[in-house]
Amino acid sequence: QVQLVESGGGLVQAGGSLRLSCAASGFTFSSYAMNWYRQAPGKERELVAAISRVGGTNYADSVKGRFTISRDNAKNTVYLQMNSLKPEDTAVYYCNVKYSFQQYWGHGTQVTVSS
């Protein structure tokens, strides 16, 4: 079955950096686009970054120039490098894949940015 396991979240000061990882299994990782979403308290879940199976990327306007999504198909892992973090980046970050007409989500990892 499809499994997505995020790691790398934590508490960081504004201006700092974190690198999130998402280890995937249960499907042919290299054949699917991967996404990072986030959900802040009281807000809807939003798409942060996406990477196609061939490495093309898209970002939310709020993170352009600060976040970088990448993938390692040999390790079945997608990453989110987050630099110049701001308090408004505080949220639970989720890994996502659309596989076989279904959405799959990881358990999420908490990112907290203090001012």
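See the structure above.
All figures in this text were calculated on a predicted structure; none of them were measured in a lab.

A.B. asks: Summarise the side chain of Ser21; cite the residues concerned and give the values.
C.D. replies: Inspection of the secondary structure puts Ser21 in strand S3 (residues 18-25). Look past the residues within four positions of Ser21 in its chain and what remains in contact with it is Val5, Glu6, Ser7, Trp36, Thr77, Val78 and Tyr79.

A.B. asks: Tell me what's going on with the state of the cysteines, and back it up with residues and numbers.
C.D. replies: With the rule as written, the count across this model stands at one disulfide. The disulfide bridge from Cys22 ends at Cys95, spanning 2.1 Å between sulfur atoms. Residues Cys22 and Cys95 are joined through a disulfide that is left-handed, its torsion about the S-S bond being -85°. Highlighted residues: Cys22 in strand S3 and Cys95 in strand S9 (residues 91-99), separated in sequence by 73 residues. By the burial criterion, Cys22 is buried, and Cys95 matches it.

A.B. asks: Summarise the pairing of S3; cite the residues concerned and give the values.
C.D. replies: Across five bridges, the pairing between strand S1 (residues 3-7) and S3 is antiparallel. Each bridged residue has a counterpart across the sheet, and for Glu6 the counterpart in S3 is Cys22. Sheet topology places S3 next to strand S8 (residues 77-82); six bridges connect them, and they run antiparallel. If you follow Cys22 over to S8, its bridge partner there is Val78.

A.B. asks: Residue-level account of the environment of Gly65, with values.
C.D. replies: Topologically, Gly65 is positioned in the loop between strand S6 (57-59) and strand S7 (67-72). Overall, the relative accessible area of 85% leaves Gly65 in the exposed class. Taking the C-alpha atoms as reference points, Gly65 and Ser52, separated by 13 residues in sequence, lie 18 Å from one another.

A.B. asks: A description of the nonpolar core should follow, citing residues and the corresponding values.
C.D. replies: The biggest cluster of nonpolar side chains holds 29 residues, and the ones touching the most others in it are Leu4, Met34, Trp36, Val78, Leu80, Met82 and Tyr93. Those elements that place two or more of their residues in this core are S3, strand S4 (34-39), strand S5 (46-51), S7, S8, S9 and strand S11 (109-114). Discounting residues that sit within four places of it in the chain, Met82 has contacts with Gly16, Ser17, Leu18, Leu20, Arg66, Phe67, Tyr93 and Val111.

A.B. asks: How would you explain the packing of aromatic side chains if you had to name every residue and give the values?
C.D. replies: According to the stated counting rule, one finds seven aromatic pairs in the structure shown. Plain terms: the ring middles of Phe27 and Phe29 are 6.3 Å apart, the flat faces sit at 45° to each other, and that makes the pair tilted. Each ring, one from Tyr99 and one from Tyr104, has its centre 6.3 Å from the other, and the planes form 55°; the classification is tilted. For Tyr99, a relative accessible area of 24% translates into the label partly exposed. Site record: aromatic cluster; members linked through ring pairs are Phe27, Phe29, Tyr32, Tyr99 and Tyr104. One residue, Arg45, lies across the ring of Trp105, its end atom 4.5 Å from the ring centre. Above the ring of Phe29, the side-chain terminus of Arg71 is found at 4.5 Å from the ring centroid.

Parameters at a glance
Residues numbered from 1 in each chain as written. Predicted model: local features only at pLDDT ≥ 70, side-chain atom pairs only at ≥ 80, totals over all residues. Heavy atoms only, no water. Helix = DSSP H or I, 4+ residues; strand = E, 2+ residues; numbered from the N terminus. Contact = heavy atoms within 4.5 Å. Disulfide = S-S within 2.5 Å. Buried < 20%, exposed > 50% of the residue type's maximum accessible area, 1.4 Å probe, protein only. Pairing = 2+ DSSP bridges. Core = buried A, V, L, I, M, F, W, Y, C linked by side-chain atoms within 4.5 Å. Phe/Tyr/Trp six-rings, centres within 6.5 Å; stacked < 30°, edge-to-face > 60°. Lys NZ or Arg CZ within 6 Å of the ring centre and 35° of its normal.

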